[in-house]
Amino acid sequence: MTNYIIRRLLLNVLVLWLVATMVFLGTHALPSDFAQKRIASTMTGASQTEAIELARKELGLDKPLWRQYLSFMGELSRGDLGHSYESKLSTWTEVGRRVTTTLELGIMTLLISFAISIPIGIISAVKQNTWIDYLLRGVAILGVAMPVFVVAIFLSLAVVKFDLFQIDVLGRPHFWTDPVKAFQLYIVPAIAGGIAGGAGIMRILRSQMLEVMRQDYIRTARSKGLRDDSVWIRHALKNAMLPVITVMGLTISGLVGGQIILETMFNIDGMGRFLFARLNLRDFPPFQGTVIIICFVLVTVNLIVDIIYAWLDPRIRLT
Amino acid sequence: MSQIEAANPLAAGGLQFERRRKFRRAMRQTLLMANRNKLGAFGVILVIFILGIALFAPWIQRYDDLEQFQTANPRFNPTANPLDIAQDPDIGAPFTLDRWENPLSSKHWLGTDSYGRDIYARVISGARLAVIIGVGASIFAVITGTLVGLISGYFAGKLDLFTQRVVDAIQAFPGLVLLMLIVSVMDQPSLFLTVLALGFLGFAVSVRIVRSSVLTVSQSAFVEAARSYGAGDWRIMMRHVLPNVLASVLIVFSISIGAYILAEASLSFLGLGPADKTTWGKMVNSGRVALDLHPWESVISGSAITLAVLGFNLAGDAIRDELDPRLRGR
């Protein structure tokens, strides 16, 4: 087991290094940089090119690519993710400001996706091939096909139409400062993201439930006189959840994309919107830093999931 | 053959009969398949419908998707001086844009958008773009992915290890971030670049699936046999391994078209879609400016995305189920 974890950790370090290299090369392959984007909008003529050159020198963008790469990697290995060209704040500070907002929305999205998918997955499996199964599966298939922003638009139309509450809450409250307002702000994007994530979970859970329900131990449980719901929850669901846990990494990875779209759409100042805005401004260090942080989290989640899985199912460890 | 047919009319009739019988058998099998997998059949019908729209878009579009409709301004006063116009802006312009015309009129079947452009024409031309992007990205992903997956799985060893780590790294990125980064290579992303970016994302998935098929096929006896009579690596790969992984290749091709259309819609929605082209994602976004009063543009284009992705997903699932029964129902 220790061997397995060490091997996986080393592999993850390698993957993260590749990710950092890719994001570095990717950003530096872009035709325009921050100096150009910023100064082109304020100056014209000969003074413009001069100013761009000056700004490049100041930001270190005039050095050869390999020097920039080495210093980038050197800083990265010390845990320094660079400073924003625009605000001059360090990436850690910028991300730290927004991480709670993103986590609030992300955790709420994840909870909603589970709250939607687990009951629906169970019902759809135990009522296999009845009208309710067809209906729920239809909803899930539709949920996979609908982009998050379309779901969000339909939801906000419904909220506005029935005059339920104000979506665009001023002041961007947190759950611990003003829970009601925060709930109103986050609920529409969270449901939109939750449907997209939950639909995938539901399909896997359903097929796993069907598989598990055919096993001998389910028949045993039934034959010793357990109630149906007890068989479904305590015996079937527990075993069917394992593969669902393994796709958690994928679910969360999909969530990140949704988060970028939804935060931008609803003007929520989280990491997703920050990331998108930094790329548009060509403000490389915070963009690279945020991407590396996100990938680090995803890779770590995957590792934890795999360790839990190997711990729960000893057969995995051998392969 | 034509000589025989000419000499013996009976034989020609027999041939025709044979052909008709084959056609009937194919039809019957198709119907059986459709009956077995009703959802898949629905998906295939949707896909055919969308492909039809995409193919015939210029003929059924009615108007150009970029044409801005306007009407003569009855209150236009050509002799008005700037001071008058400042007081009453209505008299300044000779034409006014037909903004936000209601849907279901005979002139604009689905109404007009905030720039006075016909929404029906835009949805139809958006279908063509969605198909080009989805299918184009899938073709790119499958060709590159199959080639790399084939080589990586066949030769295994260090090369395979390296390829797998690169694929890991690509997949460690959240897809949308990678797409955003790639299309930003141009300030105004072209259609080709969009297809390339989506295809690159799909490349990683294709490599992974094709490689795992190649790994099993490479172990089989007929590859061993081919090697024993002296066939070269290239010949074994092309003549023996590739035909046996074609099922996976076809699955990869058909199953991800919907995902590409979805991803492109997200890019377009964020304003990173192909420049100067009408896409559904852009329409959803541009409809948001007046969502409370004129929700039609966003609702119609959003439904179009959903329908197209739904069709391609269901058809892809059906193709996978037919080709690989092990995966059925997953």
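Since this is a predicted model, take the numbers as computed values, not measurements.

Criteria and cut-off values
- Residues numbered from 1 in each chain as written.
- Chains lettered and ligands numbered in written order.
- Predicted model: local features only at pLDDT ≥ 70, side-chain atom pairs only at ≥ 80, totals over all residues.
- Heavy atoms only, no water.
- Axes fitted to C-alpha atoms, helices over the stretch in contact; angles between N-to-C directions.
- Helix = DSSP H or I, 4+ residues; strand = E, 2+ residues; numbered from the N terminus.
- Parallel < 35°, antiparallel > 145°, perpendicular 65-115°, else oblique.
- Left-handed = near helix turned anticlockwise from the far one by under 90°.
- Contact = heavy atoms within 4.5 Å.
- Nonpolar A, V, L, I, M, F, W, Y, C, P; charged D, E, K, R; others polar.
- Salt bridge = Lys/Arg side-chain N within 4 Å of Asp/Glu carboxyl O.
- Polar contact = N/O pair within 3.5 Å; in protein donor to acceptor, adjacent residues only side chain to side chain.
- Patch = residues over 30% accessible without salt bridge, like charges linked within 9 Å, V, L, I, M, F, W, Y side chains within 5 Å.
- Areas by Shrake-Rupley, 256 points an atom, 1.4 Å probe, with all protein chains shown as cover.

## Side note on the packing of helix H3 (residues 38–60) of chain B against helix H13 (residues 296–323) of chain B
Residues and elements named next belong to chain B.
Here is step 1: Orientation of H3 relative to H13, taken along the N-to-C sense of each, is 130°, at an axis distance of 7 Å. By the criterion of interaxial angle, the relationship of H3 to H13 is oblique. At the point where H3 passes H13, the crossing takes the left-handed sense. Contacts between H3 and H13 involve Leu39, Gly40, Phe42, Gly43, Val44, Leu46, Val47, Ile50 and Leu51 on the former and, on the latter, Leu307, Ala308, Leu310, Gly311, Phe312, Leu314, Ala315 and Ala318.
Here is step 2: A per-class count over the contact of H3 with H13 returns 14 nonpolar, three polar and no charged.

## Structural notes on the interface of chain A and chain B
Here is step 1: Facing 46 residues of chain A, the contacting portion of chain B comprises 40 residues.
Here is step 2: At the junction of chain A with chain B, the criterion picks out one salt bridge.
Here is step 3: Among the ionic pairs, A:Arg203 bridges to B:Asp317, the shortest N-O distance being 3.0 Å.
Here is step 4: The interface formed by chain A and chain B contains three residue pairs in polar contact (both at pLDDT 80 or more).
Here is step 5: Of all the secondary-structure elements, those providing two or more residues to the side of chain A that touches chain B are helix H1 (2–28), helix H6 (131–145), helix H7 (148–161), helix H8 (179–213), helix H11 (248–265), helix H12 (271–281) and helix H13 (284–312) of chain A.
Here is step 6: Of the residues forming the side of chain A that touches chain B, the biggest block, nine residues, is contributed by H1(A).
Here is step 7: Here the residues of the side of chain A that touches chain B are counted per class, giving 33 nonpolar, nine polar and four charged.

## A look at a nonpolar patch on the surface
Here is step 1: Among the surface-exposed residues, A:Met1, A:Ile304, A:Ile308, A:Trp311 and A:Leu312 lie close enough to one another that they form a single nonpolar patch of about 500 Å² accessible area.
Here is step 2: Structurally, A:Met1 is set in the segment before H1.

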